Amino acid sequence: MGKNAIEDFMTGADEGPVTAAETSPEAAAEEGEVSLDLTDVDYRYLTLRRAITRGGGKIARIRMRPAMLEDIDDWSNAEISNRELLARLCDLPPAVLKKLAWDDAEALMGIFHQVVPEFVFATPKDDA
């Protein structure tokens, strides 16, 4: 370790040895599931003006996670639609999102525009 934490960070001295999982995608896949570590501050939240009833409960707030490269790859490969991308980021089925009041849907789309790359909206698609 260097004299201080900033020096360690700049030189990479605080990172420790590089493992096989860091150098090889195949080795990383063999190690088990890979996930993105998110905390509450990474999510965007929308408190709905009109709650949605789903099953026996109510949805009064929607939490949207940031888009990952995997999400954008699936979208660009036409594996998922814009609405399915939005639903995936919110961890809700598309059918639930379709029940949003328009002003809530518009507010949610504003957040969606903040968490996905601009080219997603510039590319013509036939859905939300």
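All values reported here derive from a predicted model rather than from experimental measurement.

What counts and what doesn't
Residues numbered from 1 in each chain as written. Predicted model: local features only at pLDDT ≥ 70, side-chain atom pairs only at ≥ 80, totals over all residues. Heavy atoms only, no water. Pairing = 2+ DSSP bridges. Helix = DSSP H or I, 4+ residues; strand = E, 2+ residues; numbered from the N terminus. Buried < 20%, exposed > 50% of the residue type's maximum accessible area, 1.4 Å probe, protein only. Arc of directions from axis to C-beta. Contact = heavy atoms within 4.5 Å. Salt bridge = Lys/Arg side-chain N within 4 Å of Asp/Glu carboxyl O.

With that settled, consider the pairing of strand E2 (residues 57–64). Direction of pairing for strand E1 (residues 44–54) relative to E2: antiparallel, over a ladder of 7 bridges. Within E2, the residue paired with Arg-44 across the bridge is Met-64. Counted along the chain from E1 to the antiparallel partner E2, the turn is 2 residues long, and its residue Gly-55 has a positive phi close to 65°.

Taken residue by residue, helix H4 (residues 69–76) has Asp-71, Ile-72, Asp-74 and Trp-75 as its buried positions. Within H4, the buried residues cover an arc of 160° as seen down the axis, which keeps them to one side. Buried residues in H4 make contact with helix H5 (82–90) and helix H8 (119–122). Note on H4: the residue one or two positions beyond its end, Ala-78, has a positive phi of about 60°.

Another aspect to go through is the pattern of salt bridges. Scanning all chains against the criterion turns up 5 salt bridges. Between Arg-88 and Asp-71 there is a salt bridge; the shortest N-O distance is 3.0 Å. One end of the pair, Arg-88, is in helix H5; the other, Asp-71, is in helix H4, with 17 residues separating them in the sequence. Take Arg-88: its relative accessible area is 29%, and that puts it in the partly exposed class. Here the salt bridges do not stand alone but share partners, grouping Arg-65, Asp-71, Asp-74 and Arg-88 into one network.

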